[in-house]
Structures are given as structure tokens and as C-alpha cells.
Amino acid sequence: MTTIPVITMSHGDVSDHFTTYPDDSVKSIGGSAVVQVLLPSYKRIIEKGAPESKVVVIGNAVPQYDFCVDLSKEKTIYNVVTVGRLTKSIKRPHLLIEAFTRIAEKYPNWIVELWGAKDREAYYKELELMVSKNGLQNRVFLKGATNDVPSALKASDIFVFPSAFEGFGMALAEGMSVGLPAIGYNSCPAVNELIENGKTGVLCEDGVEPLAAAMEQLMGNRALRVQMGKAAKEAMAQYAPARIWDQWEELISKTVANK
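For every chain, the first residue of the written sequence is number 1, and numbering continues from 1 along that sequence. Totals for whole chains, interfaces and linings use every residue, but because this is a predicted model, local features are given only for residues with pLDDT of at least 70 and side-chain atom pairs only at 80 or more, for both listing and counting. Note that the side-chain values use all heavy atoms of the structure and ignore hydrogens as well as water.

Asks: So what exactly am I meant to see when it comes to unusual backbone geometry here?
Replies: Note on backbone geometry: most residues besides glycine have negative phi, and most peptide bonds are trans. Although it is not a glycine, Arg92 adopts a positive phi angle of roughly 55 degrees. With respect to the secondary-structure elements, Arg92 resides in the loop between strand E4 (78-83) and helix H3 (93-103). Relative accessibility thresholds used throughout: buried, under 20% of the residue-type maximum; exposed, over 50%; partly exposed, between the two (1.4 Å probe, protein chains only). By relative accessible area, which is 12% here, Arg92 ends up buried. With a phi angle near 75 degrees, Ala190 is a residue other than glycine that sits in the positive phi range. Numbering goes from the N terminus for both helices and strands, where a helix is a DSSP run of H or I of at least four residues and a strand is a run of E of at least two. Its location among the elements puts Ala190 in the loop between strand E8 (182-185) and helix H7 (191-194).

This is the structure we're talking about:
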């Protein structure tokens, strides 16, 4: 019952508000001066669950690096990359390894790099075993955590993001912002909005075979990689930090003015 206007910031998939949060939390959404969400689909969820709410979409601030990957040049080795903590149920890097196993022989000059910290030792061992069992020790690399993501992206040609669900997908957005075409699952929230299928990358059905087919689509077509990578970089410009901060400044100013 405060007289101070409250902006509720929803930093992720807002479906949780109406499934796992207590009733008082849902009431607080309706009582907020404004509810901020990261993506348009989340706006629709809030408007359906709390129709009295005023909702605005302001995405995360995505770094705009001072370089763009050069996908047009001839290389001896091409690189599929993913970035994210190695979690089995969320990021699901095992699906990328399994998909690459299906097509590795057909594309001998391609490798896969998985950047991200271990989550559970048992799952990490499972990934290592998957690589060695398929004889891919010189093709698939578990690179570990890094504080220099730009360097990991700079040497890459395709960004693959096999997550089951995301709140926004910062690693994906950063990969796209340097000009990498992206692949993800159409069923994954946030990913299916950041990637525009057929324009900035490929959205496929869940599973290993659809992912392998999507990877082949880009691995076998350099011109398509160049075209989608350029579109991906342009699409991520909407999340440039200066634009995002300006949107927040405007929202806060309007909210205070309307108090």
C-alpha cells in the first residue's frame, strides 16, 4: 500500500509468476506502477495473468563489440561454438555433441568448442565419455570457463544454443552481436524470439536429429552463414547498452512524473 510508485523488474520467464510464486507476489504485480519484461511474449503472459497491469518491454543490455567475425574467408578449420554453464537439464550441451557425432565424418574440417564451467562432475564425465566413445577427442573440446568471451566468439563460425529454457539468453545474444548465425530450439522460450528463423539463424524442433539437420544447413553453406550472421549482428543492435539505458531512464522519468 505504499504511495511510492513501484516498477517490478521481471528478469526472466514470467510464467513462474503464475505457477510457482505465492498469491501475494501475483497481487504485487497488479499493484505495480509498471511491470518490465524482457521480451514481447512475456508481456502477453503478464497481461493475461494480471490484466490490470501496465507492462513495458525492455530487453537486456547486450555488448556491441568493436569487431565482426569474418565468415566469408576460406579457412582450414571451421568452428561451431556454444557458451554456457554445462548443465544437463537447462543448457544441454550433450545434445550438441550428439548432433555433431551424426555429421562429423561428413564435415572433417569442422570442430566444436563448448565454453562453460562444470555444473556437476558426473555430468562432465558423461560429456567426456561421449566425446571419447565417438573418437572425437580432436574434434570436440570442453574448453572450461573464460573471462574473455569475445576471443572465443571471434574464432567461430556458428553459434549453437541447445537450451531447454532461458530467461533471455545473454550468451546467445552476445554470439549474434558479433555476427554469428545462431541455431536453437523453437520450443525454448527467449531463444525462439532472439533467433528469427530463416533470417538470423535456424530454429529447429527439439531433439538430436533436428539439431544435426540445422547444423548441416549452415555448415554446408558459407553464403548462408554470411547472410544470417550479418542479419544477426544487425538484430542485436536493438539491445545496445545505450539504447537500453535510455529506455530505462524514460520509463523511470515517466513513472515519477505520473505519481
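Asks: How should the pairing of strand E9 (residues 201-204) be read in this particular structure?
Replies: Strand residues, when the strand is regular, have side chains that alternate between the two faces of the sheet. In E9, alternate side chains face the same way, and those of Gly201 and Leu203 on one face and Val202 and Cys204 on the other are all buried. Any two strands with at least two DSSP-identified bridges between them are counted as paired. Taken together, the four bridges between E8 and E9 define a ladder with parallel strand orientation. Along E9, the bridge assignment pairs Ile183 with Val202.

Asks: What's the story with the packing of aromatic side chains in this structure? I'm lost.
Replies: Centre distance and the angle of the planes are the two values used to describe a pair of aromatic rings. For Phe, Tyr and Trp, where Trp contributes only its six-membered ring, two rings pair if their centres lie within 6.5 Å, and the inter-plane angle classes them as stacked under 30 degrees, edge-to-face over 60, or tilted in between. Applying the stated rule across the entire model yields four aromatic pairs. Look at Phe159 and Phe161: their rings are 5.8 Å apart centre to centre, the planes differ by 45 degrees, and that puts the pair in the tilted class. Assessed through its relative accessible area of 2%, Phe161 is described here as buried. Ring centres 5.3 Å apart and planes at 90 degrees place the aromatic pair Phe168 and Tyr239 in the edge-to-face group. Placement of Phe168 in the loop between strand E7 (158-161) and helix H6 (170-177) and of Tyr239 in the loop between helix H9 (222-236) and helix H10 (241-257) is noted, with a sequence separation of 71 residues between them. Of the two residues examined, Phe168 and Tyr239, each falls in the buried class. Definition used: whenever NZ (Lys) or CZ (Arg) falls within 6 Å of the ring centre and also within 35 degrees of the ring normal, the charge is taken to sit over that ring. Here the basic side chain of Lys118 rests over the ring of Tyr124, its NZ or CZ set 4.5 Å away from the ring centre. When the ring centre of Phe67 is taken as origin, the NZ or CZ atom of Lys154, which lies over that ring, is 4.6 Å away.

Asks: Mind showing me how you'd approach H10 here?
Replies: Side chains of residues three or four places apart in an α-helix project in the same direction, reflecting 3.6 residues per turn. In this analysis, the expected span of each helix is defined as 1.5 Å times one less than the number of residues it contains. For H10, built from 17 residues, the straight-helix expectation of 24 Å at 1.5 Å per residue is met to within 8% by its first-to-last C-alpha distance of 24 Å. Of the residues making up H10, those classed as buried are Ile244, Trp248, Leu251 and Thr255. One side of H10 holds all its buried residues, which, seen down the axis, span an arc of 65 degrees. Within H10, the exposed residues directed more than 90 degrees away from the buried face are Ala242, Trp245, Asp246, Glu249, Val256 and Ala257. The directions considered for the arc run from the helix axis to the C-beta atoms.

Asks: What's the story with helix H8 (residues 208-219) in this structure? I'm lost.
Replies: In this model H8 runs 16 Å from its N-terminal to its C-terminal C-alpha over twelve residues, within 8% of the 16 Å that 1.5 Å per residue would give. Every buried residue of H8 is accounted for by Val208, Leu211, Ala212, Ala214, Met215, Leu218 and Met219. End-on, the buried residues of H8 take up no more than an arc of 160 degrees, which puts them together on one face.

Asks: For this particular structure, what's the right way to read empty space enclosed by the protein?
Replies: The gaps left among the atoms become clear once a water-sized probe is rolled over them. Definitions used throughout: a 1 Å grid over protein atoms alone; a cavity as a set of points that fits a 1.4 Å probe which cannot get out; a pocket as an open set with protein on both sides within 12 Å along at least five of seven lines; a lining residue as one with an atom within 4 Å of a point. Grid points are joined across faces, edges and corners, and a volume is the space filled by probe spheres set on the points. Within the structure shown, the criterion is met by one cavity of 30 Å³ or more. One number sums up the size of the largest cavity: a volume of about 60 Å³. Taken together, Thr82, Val83, Gly84, Leu86, Lys91, Pro93, Trp115, Phe161, Pro162 and Ser163 make up the full set of residues lining the largest cavity. Lys, Arg, Asp and Glu make up the charged group, whereas Ala, Val, Leu, Ile, Met, Phe, Trp, Tyr, Cys and Pro make up the nonpolar group; the residues left over, Gly among them, are polar. Here the lining of the largest cavity is composed, by residue class, of six nonpolar, three polar and one charged.

Asks: I keep staring at the side chain of Arg92 and nothing clicks. Help me out?
Replies: Side-chain atoms alone can form a polar contact between residues adjacent in sequence; in general such a contact is a pair of N or O atoms within 3.5 Å, and within protein one must be able to donate a hydrogen while the other accepts it. A polar contact is formed between the side chain of Arg92 and the side chain of Asp206, at a distance of 3.3 Å. Here, two residues are considered to be in contact whenever any of their heavy atoms come within 4.5 Å of each other. Contact partners of Arg92, with chain neighbours within four places excluded, come to Thr87, Tyr123, Pro162, Ser163, Ala164, Tyr185 and Asp206.

Asks: What is the right way to look at the sheet that holds E8 in this model?
Replies: In sheet architecture, strand pairing relies on hydrogen bonds along the backbone and comes in two forms, parallel and antiparallel. Strands sit in the order E6-E5-E4-E7-E8-E9 across an open sheet of six strands; the sheet is parallel. Two strands lie at the open edges of the sheet, namely strand E6 (140-144) and E9, each paired on one side alone. For this sheet the average axis-to-axis angle between neighbouring strands, irrespective of direction, equals 20 degrees. Two elements, E4 and strand E5 (residues 110-115), share six bridges in a ladder whose sense is parallel. Each residue of the ladder has a partner; that of Val81, found in E5, is Glu113. Angles run from 0 to 180 degrees between N-to-C directions of axes, and those axes are lines fitted to C-alpha atoms, restricted for helices to the stretch in contact. Relative to E7, H6 is tilted by about 165 degrees, and along the sheet it contacts E4, E7 and E8.

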